[in-house]
Amino acid sequence: MERSVLTVGGSDSGGGAGIQADLKTFAALGVHGLSVITAVTAQNTLGVREVFPIPAEMIASQLDALVEDFDISWAKTGMLFSPDAISLVAERLRELRCSVVVDPVIAAEAGGSLIAEGAILTLRDELIPVASVITPNIFEAEAITGVKVVDLESAREAAMRILDMGARAVVITGGHLDCRAAGMPADECVDLLVTKDAVACVSGKRREGGNHGVGCTYSAALTALLSMGMSLDDAVRQAHNFAARSIEGSRPVGHGAAPVDQTASLREDAERFRVISSLDHAVSMLRDEETFAELIPEVGSNIGMAIPGARSRADVAAVEGRIVRAGRRSHVSGCIRFGASRHIARIILAAMRFDMGIRAAMNIRLDENLLSEASRMGLRISSFDREEEPPGESTMSWGTARAIERLGAVPDIIWDGGGMGKEPMIRILGRDAVSVATVAIMLSRAVWKRCR
Ligand SMILES: Cc1ncc(COP(=O)(O)O)c(N)n1
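Residues numbered from 1 in each chain as written. Predicted model: local features only at pLDDT ≥ 70, side-chain atom pairs only at ≥ 80, totals over all residues. Heavy atoms only, no water.

Some points on the environment of Ser301
Then comes step 1: Residue placement: Ser301 occurs in the loop between helix H9 (264-288) and strand S10 (303-306).
Then comes step 2: Assessed through its relative accessible area of 0%, Ser301 is described here as buried.
Then comes step 3: C-alpha of Ser301 to C-alpha of Ser330: the two residues are 29 residues apart in sequence and 9.6 Å apart in space.
Then comes step 4: Discounting chain neighbours no more than four positions away, the residues touching Ser301 are Phe292, Ile296, Arg322, Ile323, Met362, Asn363 and Ile364.
Then comes step 5: A polar contact of 2.4 Å, which involves the side chain of Ser301, links it to the backbone oxygen of Asn363. (Helix = DSSP H or I, 4+ residues; strand = E, 2+ residues; numbered from the N terminus. Buried < 20%, exposed > 50% of the residue type's maximum accessible area, 1.4 Å probe, protein only. Contact = heavy atoms within 4.5 Å. Polar contact = N/O pair within 3.5 Å; in protein donor to acceptor, adjacent residues only side chain to side chain.)

Brief notes about helix H5 (residues 138-145)
Then comes step 1: A large share of H5 lies buried, amounting to 6 of its 8 residues.
Then comes step 2: If you check which residues of H5 are buried, you get Ile138, Glu140, Ala141, Glu142, Ile144 and Thr145.
Then comes step 3: Contacts made by the buried residues of H5 are with helix H4 (119-127), strand S6 (133-134), helix H6 (152-164) and strand S7 (169-172).
Then comes step 4: Here H5 starts with a cap whose side-chain oxygen sits 3.0 Å from the backbone nitrogen of Phe139, and that cap is Asn137.
Then comes step 5: Positive backbone phi, approximately 80°, marks Gly146, located one or two places after H5.

As for the domain arrangement of the chain
Then comes step 1: Taken domain by domain, the chain holds domain 1 (4-261) and domain 2 (267-451).
Then comes step 2: A C-alpha centroid distance of 47 Å is found between domain 1 and domain 2.
Then comes step 3: Contact with domain 1, which involves 5 residues of that partner, is made by 4 residues of domain 2.
Then comes step 4: Both sides of the domain 1 and domain 2 interface together cover about 300 Å² of buried area, and 16% of this is carbon and sulfur.
Then comes step 5: When the buried area of domain 1 at its contact with domain 2 is split by residue, Arg245, Glu248 and Arg251 rank highest and sum to 82% of it.
Then comes step 6: Where domain 1 packs against domain 2, one counts 4 salt bridges.
Then comes step 7: Our enumeration of links across domain 1 and domain 2 arrives at 4 residue pairs in polar contact (both at pLDDT 80 or more). (Domains from an automatic or database assignment. Buried area = accessible area lost by both parts, 1.4 Å probe. Salt bridge = Lys/Arg side-chain N within 4 Å of Asp/Glu carboxyl O.)

A look at the side chain of Ser11
Then comes step 1: Summarising the element assignment, Ser11 is placed in strand S1 (residues 4-12).
Then comes step 2: At 3.0 Å, the side chain of Ser11 forms a polar contact with the side chain of Gln20.
Then comes step 3: When neighbours within four sequence positions are excluded, Ser11 is seen to be in contact with Ile19, Gln20, Ile37, Ala39, Val40 and Thr41.

Concerning the site of the ligand
Then comes step 1: Around the ligand, 14 residues are found, and the nearest of them are Gly10, Gln43, Glu109, His212 and Gly213.
Then comes step 2: Gly213 places a polar main-chain atom, nitrogen or oxygen, 2.6 Å from an oxygen atom of the ligand.
Then comes step 3: A total of 360 Å² of accessible area belongs to the ligand in isolation, and the protein chains cover 94% of it.
Then comes step 4: Judged by the proximity of its atoms to the pocket grid, the ligand belongs to the largest pocket.
Then comes step 5: Tallied by class, the residues present in the shell around the ligand amount to 7 nonpolar, 6 polar and 1 charged. (Near = heavy atom within 4 Å. Areas by Shrake-Rupley, 256 points an atom, 1.4 Å probe, with all protein chains shown as cover. 1 Å grid on protein atoms, 1.4 Å probe; cavity = no way out; pocket = protein on both sides within 12 Å on 5 of 7 lines; lining within 4 Å. Sits in = over half its atoms within 2 Å of the grid points. Nonpolar A, V, L, I, M, F, W, Y, C, P; charged D, E, K, R; others polar.)

Description of the packing of aromatic side chains
Then comes step 1: In the structure shown here, the tally under the stated rule is 1 aromatic pair.
Then comes step 2: An angle of 80° between the planes, with centres 5.8 Å apart, marks the rings of Phe384 and Trp398 as edge-to-face. Note that Phe384 is positioned in the loop between strand S16 (381-383) and helix H12 (395-407) and Trp398 in helix H12, a separation of 14 residues in sequence.
Then comes step 3: A relative accessible area of 4% places Phe384 in the buried class.
Then comes step 4: Judged by its relative accessible area of 13%, Trp398 is buried.
Then comes step 5: Across the ring face of Phe338, the terminal group of Arg272 is positioned such that the distance to the ring centre comes to 4.5 Å. (Phe/Tyr/Trp six-rings, centres within 6.5 Å; stacked < 30°, edge-to-face > 60°. Lys NZ or Arg CZ within 6 Å of the ring centre and 35° of its normal.)

Examining the layout of surface pockets
Then comes step 1: Each pocket or cavity is described by its volume, and for the largest pocket that value is around 890 Å³.
Then comes step 2: Together, 47 residues line the largest pocket, and Glu109, His176, Asn211, Val214 and Gly215 are the ones closest to its centre.
Then comes step 3: Elements that contribute at least two residues to the lining of the largest pocket include exactly S1, helix H1 (18-28), strand S2 (32-44), H5, strand S8 (188-195), helix H7 (214-227) and helix H8 (232-248). (Points joined across faces, edges and corners; volume = space filled by probe spheres on them.)

Some points on helix H10 (residues 342-352)
Then comes step 1: Most of H10 is tucked away, with 8 of its 11 residues classed as buried.
Then comes step 2: The complete set of buried residues in H10 reads Ile344, Ala345, Ile347, Ile348, Leu349, Ala350, Ala351 and Met352.
Then comes step 3: Tucked inside the fold, the buried residues of H10 contact S10, strand S11 (316-319), strand S15 (360-365), H12 and strand S18 (425-430).
Then comes step 4: The residue sitting at the N-terminus of H10 and contributing the capping side-chain oxygen is Ser341; that oxygen lies 3.4 Å from the backbone nitrogen of His343.

Re the nonpolar core
Then comes step 1: Counting 56 residues, the largest nonpolar core has Leu6, Leu127, Ile134, Val170 and Ile172 as the members making the most contacts within it.
Then comes step 2: Beyond its immediate chain neighbours, meaning those up to four positions away, Leu6 contacts Phe26, Leu34, Ser35, Val36, Leu63, Leu66, Ile72, Trp74, Ala75, Lys76 and Leu93.
Then comes step 3: The next biggest cluster of nonpolar side chains, apart from the first, holds 55 residues, and it includes Val275, Leu349, Leu429 and Val436. (Core = buried A, V, L, I, M, F, W, Y, C linked by side-chain atoms within 4.5 Å.)

Description of the UniProt feature "domain: Pyridoxamine kinase/Phosphomethylpyrimidine kinase" (unreviewed entry) in the chain
Then comes step 1: The sites that UniProt annotates as "domain: Pyridoxamine kinase/Phosphomethylpyrimidine kinase" (unreviewed entry) are residues 12-261.
Then comes step 2: Taken as a whole, residues 12-261 contains 39% helix and 21% strand, while its terminal C-alpha atoms sit 14 Å from one another. (UniProt positions renumbered as here; feature names shortened; annotations may be inferred.)

Printed below as a string of structure tokens:
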């Protein structure tokens, strides 16, 4: 029987945090998630309106149903709310002998208390001792220890006290830490992992986006990754990345703190797959086209395509070693890979700054006949002149932007007449690799016919 991962916590009716966030995270990471609901909240992105604690017997009954049927080796806790619920859950998880990640939820990001008065003491005395890992943010660490967390040193001090309370490992998440005040780069986000034997930092760039539910998502991701047998160091790093991507992928829903989107990485993986498929199809179309070899320049041709919202070369796939001419045929040397072409990536990224929908480009030889066929076909054409290029620019970024500005829109064709040691060239731009390859093939057939 495969193992399942359990979350014990509160329901967020807004779907951003709590049990809802945990189950989405488990699903995105490919583990089967179970849930025991300890409280129902009437909550949206603006805050928590009401909390209805589930009676202890019903919490126990949910646990019984799960324990009798599933193989549970990892669990996480979130909003437990009342001292009774905390005691019960702590005792039952101890009996179960499963490993536990504790997210000591105290308040909602958008406002509203998520723990009953006085329950922090129960959390400290009964739940923390069963924690394999506990993941407080700086406010939660302060509430538990009384140590004011303002920098890495005070975070370490708070973490040491939590270790003394019985947790085996502490991750103080740094999303709320004022990095500038703590003497670190302001755009940094640092999590601090502290165990009896070691202290480690996981840092990354602070991400822009909604962050409602990020704490739940982080601890759920950590639980899922640990349940797969990953080491604590690796799981802490990967959970950080997963949470960061979920922030970046957050959707503008609701009027308040937008929820993170745990499917962001899945969506991105699907986009990367679509890009590779489109390129693969485009490349075989070009390879099978007998007239196409005539269009390949001396330096070779390349075709590339970006994922939506691409930001760097790593988001643009192309042919590793270009498409070259071998006699009368074209030959594809190398595989299709993200990051494979700086040249093509610059063209596409420059075009995407003007029109996010234009995500593919390829370069072919410049030839007067090609340009006249292109204009006969009704393609929009623009150009740039290398002589006008300011020093210190990348020709591809500058030239592409220049040609777009001249036309006032992204053209289908951008050409330049070359320069010192630079071959004259045409770039075909389009929405995807297949449509770019289709234009290239239409052009090569038209020119081939005309030359017969
Ligand atoms: C049921 C429930 N559990 C946890 C949170 C904390 O999440 P956040 O701090 O992102 O609001 C929440 N708002 N609601």
